[in-house]
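If you want the building blocks of each chain, they are given just below.
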Amino acid sequence: MRIGTKVIHAGVHPDPTTGSVMTPIYQTSTYAQDAPGVHKGYAYARSSNPTRTALETNLAALENGKHAFCFASGMAAMDAVVRLLNPGAEILSTNDLYGGSYRQIKKVHERFGVTGRFIDMTDLALVEQSINQNTRLIWLETPTNPMLGILDLEAICAIAKKHDVLVCVDNTFASPYLQNPIDLGADLVMHSCTKYLGGHSDVVMGAVILNDNGLAEQLAFIQNAVGAIPGPQDCFLMLRGIKTLHLRVQRSCENARIIAEFLKVHEKVNHVYYPGFEDHPGYEIAKRQMHDFGGMISFDLNGDKQEDAVAVMQKTTLFTLAESLGGVESLIGHPATMTHASLPKKDRLSLGLTDSLIRLSIGVEDVRDLIDDLVKALSD
Ligand SMILES: *Cc1c(COP(=O)(O)O)cnc(C)c1O
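Quick notes on the rules
Residues numbered from 1 in each chain as written. Predicted model: local features only at pLDDT ≥ 70, side-chain atom pairs only at ≥ 80, totals over all residues. Heavy atoms only, no water. Salt bridge = Lys/Arg side-chain N within 4 Å of Asp/Glu carboxyl O. Helix = DSSP H or I, 4+ residues; strand = E, 2+ residues; numbered from the N terminus. Buried < 20%, exposed > 50% of the residue type's maximum accessible area, 1.4 Å probe, protein only. Contact = heavy atoms within 4.5 Å. Axes fitted to C-alpha atoms, helices over the stretch in contact; angles between N-to-C directions. Parallel < 35°, antiparallel > 145°, perpendicular 65-115°, else oblique. Left-handed = near helix turned anticlockwise from the far one by under 90°. Nonpolar A, V, L, I, M, F, W, Y, C, P; charged D, E, K, R; others polar. Pairing = 2+ DSSP bridges.

*Asks:* Describe the pattern of salt bridges, naming the residues involved and giving the relevant values.
*Replies:* Tallied over the full model, the rule gives 15 salt bridges. In this structure, Asp 152 and Arg 288 form a salt bridge, with 3.8 Å as the shortest nitrogen-oxygen distance. Of this pair, Asp 152 sits in the loop between strand S4 (135-141) and helix H6 (153-162) while Arg 288 sits in helix H10 (residues 283-289), placing them 136 residues apart in sequence. On the basis of relative accessibility, which here comes to 52%, the residue Arg 288 falls in the exposed class. One salt-bridge network, in which partners are shared between bridges, spans Lys 345, Arg 348 and Asp 355.

*Asks:* Give a detailed account of the side chain of Gln 104, specifying residues and quantitative values.
*Replies:* For Gln 104, the location among the structural elements is in helix H4 (residues 99-108). Judged by relative accessible area, Gln 104 falls into the buried class, the value being 9%. Ignoring any residue separated from it by four or fewer positions in sequence, one finds Gln 104 in contact with Met 75, Met 78, Asp 79 and His 109.

*Asks:* Break down unusual backbone geometry for me, citing the residues and quoting the values.
*Replies:* Each neighbour pair has its own omega, and for Thr 142 with Pro 143 the value is -5°, a cis peptide bond. Of note, Pro 143 is situated in the loop between S4 and H6. For the peptide bond that leads from Asn 145 to Pro 146, omega is 0°, which places it in the cis range. Along the chain, Pro 146 falls in the loop between S4 and H6. You will see that Leu 148, though not glycine, has its phi angle at about 55°, which is positive.

*Asks:* I'd like to hear about the packing of helix H3 (residues 74-82) against H4, residue by residue, with values.
*Replies:* Orientation of H3 relative to H4, taken along the N-to-C sense of each, is 40°, at an axis distance of 11 Å. Comparing their axes, H4 and H3 come out oblique. For the pair H3 and H4, the sense of crossing is right-handed. Packed against H3, whose contacting residues are Met 75, Met 78 and Asp 79, the element H4 presents Gly 100, Ser 101, Gln 104 and Ile 105 at the interface. Classifying every residue of the contact of H3 with H4 gives 3 nonpolar, 3 polar and 1 charged.

*Asks:* Tell me what's going on with the sheet that holds strand S2 (residues 90-94), and back it up with residues and numbers.
*Replies:* Pairing is mixed in the open sheet, where 7 strands are placed in the order S1-S7-S6-S5-S4-S2-S3. Each edge of the open sheet is held by one strand with a lone partner, namely strand S1 (67-71) and strand S3 (115-119). Neighbour to neighbour, the strand axes of the sheet diverge by 20° on average, direction disregarded. Both strand S6 (residues 188-192) and strand S7 (residues 206-210) contribute to a ladder of 5 bridges, which runs antiparallel. The residue of S7 that forms the bridge with Leu 188 is Leu 210.

Rendered as C-alpha cells:
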C-alpha cells in the first residue's frame, strides 16, 4: 500500500463483534476472562486496548516500521525512548532542538545520570568526532524549529551505525507523509502526534515507531510499566485525523510555497526560512529525503524590531497567535518570546533566531485568504 491508502486502511478493520466499520472507542479499563488468565488477548487497558492497537498498527505502517507504541504526549514518548538507556549513557543531540526535548534531557534525565550534548549536526565531521564510548543515542529532528534547518538523515545514520549508536528521529515537523526516517537508516522514529498526525489541534499524543524486535519488547515493557498511555477516545480522534493526513499535508505544502514566495519579495521582510528555496543551505538534502518541503515557514523583518513583529501578529485574523503547529488552521507565533523564551539572547541570536522572527504553521485554508491576511498584517 502507498501512504494515501495506508492512512485509511492500515490496522483498521470492521469490528469483529458488530461489523462496525469505524474502530469503536473501547472505553473500558478491564476485560472479562473465561478463567484466570484466559482472555481474548486483552486483560487490562494500561497494557492494551483495541482502539489503541488499531492506531499503533496504523502508525507502524505509516513509518514503514514493524512496531509502534503510543503515549500520552510527544514528551512521554521521548521519555520512554530515553528509558532504554542506563545511567552513564550520553545522548548526542542538536543545538536547535525542540525546547521541551532539551528541557527533558537537561532537567529530568540528567538527574538520573543520562546526559545530553548538543551540537551542530549539519557538520557531519563534528557528529563523528563527538561520539565517545558513552554515546548511546543520537536524538535529532529535521526540519528544525523554528529555523527550518535540514539535517542529512542518511549520512548521520550511517555514522551512528559505524559506532553502534542508536538514532531516534523526532519526525514531527515533516510527518510520515513527507519523510520516513526508518527507510533512511534510523532505529526509532518519534512523533508528537499532537501536530500533523492529529491535524485538528484537538488531541495531545506521542508515538514511537521502530523495527527491532528486541527494542520493541523493551518499549512495550516501559509503556506498560511506566504507564504514560493515551486514552481510547484520544486514540479514536487520532485515527480519524490520520485518515486525511496526505490531503492536509499536501495542501499545506502547496500553500506554504505560495506564501514563502509572497514573503520573499515583500518590502518589509528581511529573510524567509523555507527549505523549498534553492538558496536554502539544506535544499538539496531536503529534496532528496522529503517528498515536499513542508508547511512551516519562518521570516524576520527589516530593522529587526520585536514590536514590529508583535504588531504583525496582532493584526492577522485568519492566522491565530498560538503555540503548536500542524493543524488545519494556520497559526502564527513569535519564537523569541514564546517557544524559545528560555534561551539566552546570545544563544538565540547565534541560531539566527532574531527578535523579529515570526513562525508560521500554514494550514489548509484557501491560500488567497491567507495572503490577504498577511498583506493586511504587514501594511502600515
Ligand atoms: C510539540 C513537539 C514536541 C512535544 O510533543 P507534545 O505532544 O507537545 O508533548 C516534540 N517535538 C516537536 C518537534 C514538537 O513540535
